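# Architecture and fold: a report
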Amino acid sequence: MNDGEILSTGRALAKRYAIENPKSFRLQSCDPDGTDGLTGLKKGDAKELLEDGVRMLAQQQDMLYAQDHWSILLIFQAMDAAGKDGVIKHVMSGINPQGCEVHSFKAPSTEELDHDYLWRSTRRLPPRGTIGIFNRSYYEEVLVVRVHREILTHQKIPPSLLEKDIFESRYVDIRNMEEYLSRNGTVIRKFFLNVSKAEQRKRFLDRIDTPEKHWKFSATDVKERQHWDQYMDSYEEMIRHTSTPNSPWHVIPADNKWFTRIAVAGIIIDTLASLGLHYPKVDEGRLAQLKEARESLMEEGS
Ligand code: ATP
Ligand code: MG
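As a starting point, this report considers the structure included with it. (Residues numbered from 1 in each chain as written. Chains lettered and ligands numbered in written order. Predicted model: local features only at pLDDT ≥ 70, side-chain atom pairs only at ≥ 80, totals over all residues. Heavy atoms only, no water.)

## Some thoughts on empty space enclosed by the protein
Considering all chains together, one arrives at 2 cavities of 30 Å³ or more under this definition. The calculated volume of the largest cavity comes to roughly 80 Å³. Lining the largest cavity are Ile 6, Thr 9, Gly 10, Leu 13, Leu 49, Leu 50, Gly 53, Ile 262, Ala 265, Gly 266 and Ile 269. Secondary-structure elements contributing two or more residues to the lining of the largest cavity are α1 (3-17), α2 (43-67) and α11 (257-273). Residues of the lining of the largest cavity, tallied by class, amount to 7 nonpolar, 4 polar and no charged. Counting residues per element, the lining of the second largest cavity draws most heavily on α11, at 3 residues. Taken together, the residues that form the lining of the second largest cavity break down as 3 nonpolar, 2 polar and 2 charged. (1 Å grid on protein atoms, 1.4 Å probe; cavity = no way out; pocket = protein on both sides within 12 Å on 5 of 7 lines; lining within 4 Å. Points joined across faces, edges and corners; volume = space filled by probe spheres on them. Helix = DSSP H or I, 4+ residues; strand = E, 2+ residues; numbered from the N terminus. Nonpolar A, V, L, I, M, F, W, Y, C, P; charged D, E, K, R; others polar.)

## A short note on the side chain of Arg 136
Tracing the backbone through its elements, the reader meets Arg 136 in the loop between β3 (131-135) and α6 (144-147). When its relative accessible area of 19% is taken as the criterion, Arg 136 is described as buried. In this view, Arg 136 contacts Phe 76, Gln 77, Ala 78, Asp 80, Lys 84, His 103 and Phe 105; residues no more than four positions away in its chain are not counted. (Buried < 20%, exposed > 50% of the residue type's maximum accessible area, 1.4 Å probe, protein only. Contact = heavy atoms within 4.5 Å.)

## Re a nonpolar patch on the surface
Together, Val 282, Leu 287 and Leu 290 make up a nonpolar patch on the protein surface, roughly 250 Å² of accessible area in all. Its place among the elements puts Leu 287 in helix α12 (residues 284-299). (Patch = residues over 30% accessible without salt bridge, like charges linked within 9 Å, V, L, I, M, F, W, Y side chains within 5 Å. Areas by Shrake-Rupley, 256 points an atom, 1.4 Å probe, with all protein chains shown as cover. Salt bridge = Lys/Arg side-chain N within 4 Å of Asp/Glu carboxyl O.)

## Quick notes on the sheet that holds strand β4 (residues 186-194)
Pairing within the open sheet is parallel, and its 5 strands lie in the order β2-β3-β1-β4-β5. The sheet terminates laterally at β2 (100-104) and β5 (249-253), the two strands that pair on one side only. The average undirected angle you get between the axes of adjacent strands in this sheet is 20 degrees. The pairing of β2 with β3 spans 5 bridges and is classified as parallel. What sits directly across from Ser 104, in β3, is Asn 135. (Pairing = 2+ DSSP bridges. Axes fitted to C-alpha atoms, helices over the stretch in contact; angles between N-to-C directions.)

## A few points about the pairing of β5
Each regular strand carries side chains that alternate between the two faces of the sheet. Most of β5 is tucked away: 5 of the 5 residues are buried. Both faces of β5 are covered, namely the face carrying Trp 249, Val 251 and Pro 253 and the face carrying His 250 and Ile 252. Pairing geometry for β4 and β5, over 5 bridges, is parallel. Residue pairing across strands places Lys 190 opposite Trp 249, the latter belonging to β5.

## Focus on the layout of surface pockets
In this structure, the largest pocket spans a volume of roughly 1,300 Å³. Along its surface, the largest pocket is lined by 46 residues, and Asp 80, Ala 81, Lys 84, Arg 136 and Asp 221 are the ones closest to its centre. Only α3 (84-91), α6, α8 (197-209), α9 (219-225), α10 (228-242) and α11 provide two or more residues apiece to the lining of the largest pocket. Here the lining of the largest pocket takes 6 residues from α8, the largest share from any one element. In the lining of the largest pocket, the residues fall into 15 nonpolar, 10 polar and 21 charged. The volume enclosed by the second largest pocket comes to roughly 310 Å³. Contributing elements (two or more residues each) for the lining of the second largest pocket: α4 (110-113) and α7 (166-183). The element that contributes the greatest number of residues to the lining of the second largest pocket is α7, accounting for 4 residues. When the residues that make up the lining of the second largest pocket are grouped by side-chain class, the tally is 7 nonpolar, 3 polar and 8 charged.

## Let's talk about the site of ligand 1
Taken together, 13 residues sit near ligand 1, with Asp 80, Lys 84, Arg 136, Glu 140 and Glu 141 positioned nearest. Between ligand 1 and the protein, one listed contact pairs an oxygen atom with a side-chain N or O atom of Asp 85 at 3.5 Å. Between ligand 1 and the protein, one listed contact pairs an oxygen atom with a backbone N or O atom of Ala 107 at 3.2 Å. For ligand 1, the protein covers 75% of the area, taking 640 Å² as the surface of the free molecule. Those elements that provide at least two residues to the shell around ligand 1 are α3 and α6. (Near = heavy atom within 4 Å. Polar contact = N/O pair within 3.5 Å; in protein donor to acceptor, adjacent residues only side chain to side chain.)

Shown next as structure tokens:
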């Protein structure tokens, strides 16, 4: 595919999977097995398309870095085994590591619990010119913490502030914080990798049955699966309350890994293209400087 075709594919994917009307969003109407953002594309063509997309992403990132104005924050949330790690690995494979950082957020440490819940993410926000990837994020605070409300009692929050509708307040905090970041040049795109319960089971069994994948399997993952419906409710509420025009959620079908990867790559390419990136323009003074440096180097001979 040429660059123009990749761009229009990316735009179509972004349009298809961005949640533009969050108030009426229903997770049930999203098919984890769907591939309809890419009409006519077969699994066999996917490898080539992903390679072309990754090449284009690398060019865009080079300009992002040179221009040094915008930063990109990509947030990934999903149930276990939905493929977050694989997406991050494949989509970012062509990117210059100097301009990209991945942060994984697990259960908070003692030091982290001594601060407000956004503190640890704020410290990891991407500097201008770079891409930051959050593998899980502050959204866990309205997901796992909502499913296991008892976690709140370990967060050292003054008890008088533990209101009944604390998650409603958190949605507001998060929306405000993201809007603030947008206004300062951080472009946020959020991805929920929507895997089905049946596919998760298949992937867990595969991890159990394949020695090379044993390390990926954790018994707690099977326990968390028992709360599947509560997690789905929490994801739905989260998306309804925090998908905004400046920082939209995308619900990406995740039962087919090849499709998930292309969809995410396409949406990132579309996002970067929308910024009108270009290399910084060089003024007369700088051109004269370059000329002088060239002459000086030429005088040295070879
Ligand atoms: P993988 O399983 O592929 O290695 P992962 O992202 O699931 O990746 P784990 O170490 O298995 O990594 O899990 C991290 C765990 O930390 C998740 O269960 C998540 O819910 C939990 N977690 C993340 N943030 C918070 C938080 N703020 N409060 C409580 N638990 C959290
Ligand atoms: Mg896990």
